[in-house]
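# Coordinates in review
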Number of protein chains: 2
Amino acid sequence: MDLSDFAFSKLNITIVGLGLIGGSFALALKELNPNKLWAIDKNRDILVMAEEKGVIDKGYFDPKTPLEKSDIVVIALYPKSIIKFVKDNLNYFKSGAVITDTAGLKENIVQEIHTFIREDVDFIGGHPMAGREFSGFPYASKKIFIDSNYILTPIEENQKEHIHLLKSMIRKIGFKNVVYLEPKKHDEIIAFISHLPHVIASTLVNSKMLEEGNSCIGRSFKDMTRVAYINSDLWTELFLENRENLICQIDLFQRDIEKIKKALQKKDRDTLKSILDNSSLKKEEFNNAETYR
Amino acid sequence: MDLSDFAFSKLNITIVGLGLIGGSFALALKELNPNKLWAIDKNRDILVMAEEKGVIDKGYFDPKTPLEKSDIVVIALYPKSIIKFVKDNLNYFKSGAVITDTAGLKENIVQEIHTFIREDVDFIGGHPMAGREFSGFPYASKKIFIDSNYILTPIEENQKEHIHLLKSMIRKIGFKNVVYLEPKKHDEIIAFISHLPHVIASTLVNSKMLEEGNSCIGRSFKDMTRVAYINSDLWTELFLENRENLICQIDLFQRDIEKIKKALQKKDRDTLKSILDNSSLKKEEFNNAETYR
């Protein structure tokens, strides 16, 4: 299906939660010139700021009015608040509306919401693999989406044309690659590609060794600990919600790193070299895949 | 002491080994307009390439001629080859010459060389905290030095003015910060800030999980595994040479990451949040220190 099909100029879009991600969506979606771009937030100052900057057409504290007229609703709240928001406002959604979220976890949200969602609206889980160390609307930027990956977790109940509508929107606001995953598989993979790296970065930065070493560090350490500056409320929630998967990934990681330790203890040059050759090869394959995707 | 004192225009400088680091030194030192900039390498093609590009005044396969006239010698070889080079060419060095190296390990090199070094030449260990994923002269660039840290590991036998001469040279070719460490302390710290991150990056990239996840990864995983593309010969040697320190750092890291795992198993929200708050605080302090240094 040709993704240029969709005329966003005819659609009303509402973003729920003008934080870093919601705000970045607003900035990026504005350029698609939707018929109306609205936002809902508990913080009236942020809504005023977004209106004054011309990022949104209008901000609402009460969800009823914008939801009743919105064809697409993007919910950029913390995982638990997303379920509550859909439940609390279920009667307000426009019939035929496509609702998506941006939470870093999907299984629980998608399952829960589909136990009570109305038949005439379509909720499709999503997760933009984009962000930055800082949180909040003032740090929002459409640049964080450019060339990033986006995971959608559609299920049987979702309608094909709605999935394509979201994919079209996601591609148009700068994302390079839209991947479809089952909600359960998403949470397993995310424990490895996102939660584990954040655990590692925090662990390294909290190490006593850094106090001695931080005047000498190089780029490898800097890059590896970039995400140690973290929104602790959000990530504590993500870690706890995904704890089984994350514990499993920490175990696997510890088992793998143990292999290198054992090789060092045995002065096993061949094993060490093959581990490093293998990682170079994989990284190179991966970089090429990135380049040519 | 004013680091602008030194007139490099009067000095002859020789670089031993035109790989990524040696080549980058050549490119950067050329701009200080030394009296002569020479290079020694086993690969005649690289020497010709460097001459033709005007990066060096002349390249030598035989060390004798350039060493006899060089005031500063920068040895950018693998750790073990550095000791051998100084020993094999000991009689050629110009009296009063300042010799330094760029190896990622210092204790063994500095100790060994000072068992046989001539009294009328001064060997001062050094370690530029700069590099990139690719190796070899074709990838050399003076840009890799800009705003990087440089560790010097002087010992009592070294002369103050020679240490300052090297510091001056290092600052003039773009390094931001020159840190002095004892050779032993250098190797301990480097096990944490450099070798451990490379172990982690390789471990992550070698994980089976990446095959499922690599179409969805975000910046945190990308940044964290940048150095997984690695020169396996060099790094196998570095890891083995520094094995006691590296094993110790892997143990400490495993113990620290275990704390997060335990907190997840106990659903201990407060501990998780305080770990993340602490790492955010430390990363912020560190970023500020970086900015204002």
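Residues numbered from 1 in each chain as written. Chains lettered and ligands numbered in written order. Predicted model: local features only at pLDDT ≥ 70, side-chain atom pairs only at ≥ 80, totals over all residues. Heavy atoms only, no water.

### Focus on the side chain of Thr14 of chain B
Residue and element names in this part refer to chain B.
- By secondary structure assignment, the location of Thr14 is in strand 1 (residues 12–16).
- At a separation of 2.6 Å, a polar atom in the side chain of Thr14 contacts the side chain of Ser70.
- Not counting residues up to four positions away in its chain, the partners in contact with Thr14 are Trp38, Ile40, Pro66, Ser70, Ile72, Val73 and Val74. (Helix = DSSP H or I, 4+ residues; strand = E, 2+ residues; numbered from the N terminus. Polar contact = N/O pair within 3.5 Å; in protein donor to acceptor, adjacent residues only side chain to side chain. Contact = heavy atoms within 4.5 Å.)

### Focus on the domain arrangement of chain A
Residues and elements named next belong to chain A.
- Here chain A is described as being made up of domain 1 (3–181) and domain 2 (187–292).
- Here domain 1 and domain 2 have C-alpha centroids that lie 31 Å from each other.
- At the junction of the two partners, domain 1 supplies 16 residues and domain 2 supplies 15 residues.
- In total, domain 1 and domain 2 occlude about 1,400 Å² of area from one another, counting both sides; carbon and sulfur atoms represent 60% of this.
- Measuring nitrogen to oxygen at the nearest pair gives 3.7 Å for the salt bridge that ties Glu241 to Lys80.
- Where domain 1 packs against domain 2, one counts 4 residue pairs in polar contact (both at pLDDT 80 or more).
- Those elements giving two or more residues to the side of domain 1 that touches domain 2 turn out to be helix 4 (79–88), helix 5 (107–116) and strand 6 (122–129).
- Of the residues contributing to the side of domain 1 that touches domain 2, the split by class is 7 nonpolar, 4 polar and 5 charged. (Domains from an automatic or database assignment. Buried area = accessible area lost by both parts, 1.4 Å probe. Salt bridge = Lys/Arg side-chain N within 4 Å of Asp/Glu carboxyl O. Nonpolar A, V, L, I, M, F, W, Y, C, P; charged D, E, K, R; others polar.)

### Focus: the relation of the copies chain A and chain B
- When chain A is brought onto chain B, the operation consists of a screw motion whose angular component is 180° and whose axial shift is 0.0 Å, with 0.0 Å RMSD remaining. As the rotation angle and translation indicate, the two copies are arranged about a two-fold axis. Residue Met224 of chain A, judged by its C-alpha, is the member of chain A lying nearest the rotation axis, at 2.2 Å. (Least-squares fit on C-alpha atoms with pLDDT ≥ 70 in both.)

### Examining the packing of aromatic side chains
- All told, the structure shown has 15 aromatic pairs over all chains when counted by the stated rule.
- Summarising the aromatic geometry, the rings of Phe192 of chain A and Phe221 of chain B are spaced 5.4 Å apart at their centres and angled 55° between planes, so their arrangement reads as tilted. On the criterion of chain membership, the pair formed by Phe192 of chain A in helix 7 (residues 183–206) and Phe221 of chain B in helix 9 (residues 219–224) is interchain, its members lying in two chains.
- A residue is classified by how much of its surface remains accessible, and Phe192 of chain A, at 2% relative accessible area, is buried.
- One residue, Arg44 of chain A, lies across the ring of Phe61 of chain A, its end atom 3.8 Å from the ring centre. (Phe/Tyr/Trp six-rings, centres within 6.5 Å; stacked < 30°, edge-to-face > 60°. Buried < 20%, exposed > 50% of the residue type's maximum accessible area, 1.4 Å probe, protein only. Lys NZ or Arg CZ within 6 Å of the ring centre and 35° of its normal.)

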